[in-house]
Amino acid sequence: MAVTDTTSASSANAVAGAMGNVTSSADIEQRFLKLLVTQLNNQDPLNPMENAELTSQLAQMSTVSGIEKLNSALSGLVSQSSASQVLQAASMIGYSVLSPGNELTVSKDQAAVPFAVELPSSASDVKVVVTDAAGKTVRTMELGTLPSGVNGVTWDGKNDAGDAVAEGSYRYSVVAANGGVAVNATALSFSQVAAVKQSGGSVALELTAGRSIGLSDVRMFL
């Protein structure tokens, strides 16, 4: 019985459908070849499949197989890259890193507490306010004009009266403006890296300050 062009089209659709339902490259090739042979055996002798159509289907098969191999290769590269990042990040354990955060720690053997202020643009009026655990202001520092970028700052661990504050944890906030227009400043603080973990395909650093940051958040490490 002769098979019309509609049958050829149906066979082509069946090939595409079968390819979409399997994941193994070998399974795809086997099913494709079986369907292609069936299609060739049942084609209309008076209206055989065009060479261009056959070539197109073979090209589709080759493309699907090539994409699968490319995906496998890329997955392997991503895994190797992630493992390399973890190893590189692990070398930072025990070091202090500067990253977005507003924690300040005063200790007896530390003469000054370093931190930093990051500005997207220069500011003519920058002020830092240090508060204790209860939220009470202990020190206000007028920094004046600062350029854009990361600006290092130190606190001598004294309050506004000039007396040394008690050891412990403090926090600070930054208010910046340029000609009366507010500038969105970012508070940066130092904290020691306690551990490294891989999460969601990226590497995260666990800090002793109790927060987690990405490698891109690190501005400096000591």
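Calculation criteria
Residues numbered from 1 in each chain as written. Predicted model: local features only at pLDDT ≥ 70, side-chain atom pairs only at ≥ 80, totals over all residues. Heavy atoms only, no water. Helix = DSSP H or I, 4+ residues; strand = E, 2+ residues; numbered from the N terminus. Contact = heavy atoms within 4.5 Å. Areas by Shrake-Rupley, 256 points an atom, 1.4 Å probe, with all protein chains shown as cover. Buried < 20%, exposed > 50% of the residue type's maximum accessible area, 1.4 Å probe, protein only. Polar contact = N/O pair within 3.5 Å; in protein donor to acceptor, adjacent residues only side chain to side chain. Phe/Tyr/Trp six-rings, centres within 6.5 Å; stacked < 30°, edge-to-face > 60°. pLDDT = per-residue confidence, 0-100. Core = buried A, V, L, I, M, F, W, Y, C linked by side-chain atoms within 4.5 Å.

Engineer: How should the overall build of the chain be read in this particular structure?
Structural biologist: When you go through the chain residue by residue, the secondary structure sums to three helices and 12 strands. The contacts of the chain with a sequence gap of at least 6 include a subset with a gap of at least 24, amounting to 64%. In the form shown here, the chain has an accessible surface area of approximately 13,000 Å², with 54% of it arising from carbon and sulfur atoms.

Engineer: Where do I start with the side chain of Ser 191 in this structure?
Structural biologist: Relative to the helices and strands, Ser 191 is located in strand E9 (residues 186–199). Look at Ser 191 and you get buried, because its relative accessible area is 5%. Side-chain polar atoms of Ser 191 contact the backbone nitrogen of Ala 209, separated by 3.2 Å. Excluding its chain neighbours within four sequence positions, the residues that come into contact with Ser 191 are Tyr 95, Ser 96, Val 97, Leu 207, Thr 208, Ala 209 and Arg 211.

Engineer: Teacher, can you tell me more about the environment of Ala 164 here?
Structural biologist: Topologically, Ala 164 is positioned in the loop between strand E6 (149–155) and strand E7 (168–178). Distance in space between the C-alpha atoms of Ala 164 and Val 106 is 9.8 Å, their sequence separation being 58 residues. Setting aside residues no more than four positions away along its own chain, Ala 164 makes contact with Gly 157 and Lys 158.

Engineer: Sorry if this is basic, but what is going on with the packing of aromatic side chains here?
Structural biologist: Within a pair of aromatic rings, the relevant descriptors are the distance that separates the centres and the angle that separates the planes. A complete count under the given rule lists three aromatic pairs for this structure. Here Tyr 95 and Phe 221 contribute two aromatic rings whose centre-to-centre distance is 5.9 Å and whose plane-to-plane angle is 90 degrees, an arrangement assigned as edge-to-face. Of the two residues, Tyr 95 is situated in the loop between helix H3 (51–90) and strand E1 (96–100) and Phe 221 in strand E12 (residues 220–221); the sequence distance between them amounts to 126 residues. Relative accessible area serves as the criterion here: at 39%, Tyr 95 is assigned to the partly exposed category. For the pair Trp 155 and Tyr 170, a centre-to-centre distance of 5.5 Å together with 75 degrees between the ring planes defines the contact as edge-to-face. Here Tyr 170 lies in strand E7 and Trp 155 lies in strand E6, a separation of 15 residues in the sequence. For the pair shown, Trp 155 and Tyr 170 are each scored as buried.

Engineer: Looking at this structure, how should I read the confidence of the model for the chain?
Structural biologist: When pLDDT is low, close inspection of the predicted coordinates is not appropriate. Overall, the predicted model of the chain reaches an average pLDDT of 81, with 71% of residues at or above 70. Within the model, pLDDT remains below 50 along residues 1–12, and this stretch shows 10 contacts once partners closer than five positions in the same chain are excluded. Within the model, pLDDT remains below 50 along residues 18–22, and this stretch shows nine contacts once partners closer than five positions in the same chain are excluded.

Engineer: Got a minute to help me understand the nonpolar core in this structure?
Structural biologist: Where a protein is soluble and globular, its nonpolar side chains tend to be buried together. Formed by 23 residues in total, the largest nonpolar core has its most connected members in Leu 119 and Trp 155. Those elements that place two or more of their residues in this core are strand E2 (103–106), strand E3 (113–119), strand E4 (123–131), strand E5 (137–146), E6 and E7. Not counting chain neighbours up to four residues away, the residues in contact with Trp 155 comprise Leu 104, Val 106, Ala 112, Val 113, Phe 115, Val 130, Val 138, Arg 139, Met 141, Val 165 and Tyr 170. Counting eight residues, the second-largest nonpolar core is a separate cluster that includes Ala 89, Met 92, Val 203 and Ile 213.

Engineer: What am I meant to see in the environment of Val 150 here?
Structural biologist: Along the chain, Val 150 falls in strand E6. Note: C-alpha distance between Val 150 and Ala 116 (34 residues apart in sequence) is 6.5 Å. Filtering out sequence-adjacent residues up to four positions away, Val 150 remains in contact with Leu 98, Ala 116, Val 117, Glu 118 and Leu 188.

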